[in-house]
Each structure stands twice: as structure tokens, then as C-alpha cells.
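# Observations on the model geometry
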Amino acid sequence: MELDQLEQLKKENKYLLLDFYADWCMPCKMQSEIIVELIDKKIDGLYIQKINVDDNELITDEFKIVSIPTLILFKDGEIVKRYVGVAKLENILSWM
């Protein structure tokens, strides 16, 4: 993913959730299961983008990701929440 693609996603969606992960990260796999539950909720205006930190160094550096999993939630293009670790579904929903 390129930074300009990310900027476009921020403009096009009321909510954008970035899920920074790595394939080798066990907590990331746990977070991924919760993200699937979130997708199943079909929240209007929510777009979720998974970003593999091993494949997207530029974006990872841009957002200063030092630990994974990290979630960053944008609302109307602005960061409203940044969370490091495995976030529960209820917590993610409360951020919106």
C-alpha cells in the first residue's frame, strides 16, 4: 500500500481502521479474529485496512509503529484512537 492510497481511503470513508500486524505475530492473529467479528457487524462507513509491517515499511514508519498489533482509527480523516495490543470488540465499537 502506498501513502497516497491511504490518504484516499481516509477521504472516502467516515471511519478507517488500520490494523498493523505481522504474519509471525501471535497477538496479531488474535486481533485478526476480532477484526473478522467487526467486519461481520457491517458498520456503515467503516473501512478496515490490514497493513503488514514487514511489507509496508514506509507506512509503518509514517505512523511510528513500534509494537504490534497496533490499531489506528480515523474518523473523517483524523486520528481518534491509537491502540497497541489486542483490543476487544467492545472497545473498538466504543471508539466509534
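The preceding data block contains the structure.
Residues numbered from 1 in each chain as written. Predicted model: local features only at pLDDT ≥ 70, side-chain atom pairs only at ≥ 80, totals over all residues. Heavy atoms only, no water.

### Details of the side chain of T70
Mapping T70 onto the fold places it in strand β3 (residues 70–75). Among all residues touching T70, those that are not within four sequence positions of it are L18, D19, F20, I65, R82, Y83 and V84. (Helix = DSSP H or I, 4+ residues; strand = E, 2+ residues; numbered from the N terminus. Contact = heavy atoms within 4.5 Å.)

### Structural notes on the sheet that holds β3
Spatial strand order, β2-β1-β3-β4: 4 strands in an open sheet with mixed pairing. Each having just a single partner strand, β2 (46–52) and β4 (78–84) make up the two edges of the open sheet. For this sheet, the mean angle separating the axes of adjacent strands, direction not counted, is 15°. Pairing analysis gives 7 bridges linking strand β1 (residues 15–21) to β2, with the strands arranged parallel. Paired with L18 across the bridge in β2 is Q49. Where helix α1 (residues 3–12) meets the sheet, its contacts fall on β1, β2 and β3, and the angle it forms with β1 comes to roughly 145°. (Pairing = 2+ DSSP bridges. Axes fitted to C-alpha atoms, helices over the stretch in contact; angles between N-to-C directions.)

### A look at unusual backbone geometry
Note that the residue after I68, namely P69, is joined by a cis bond; omega there is 0°. Its place among the elements puts P69 in the loop between α3 (57–62) and β3. Backbone geometry places K42, a non-glycine residue, at a positive phi of 50°. Along the polypeptide, K42 turns up in the loop between α2 (26–40) and β2. Backbone geometry at D76 places phi at a positive 50°, although glycine is not the residue there. Checked against the element boundaries, D76 lands in the loop between β3 and β4.

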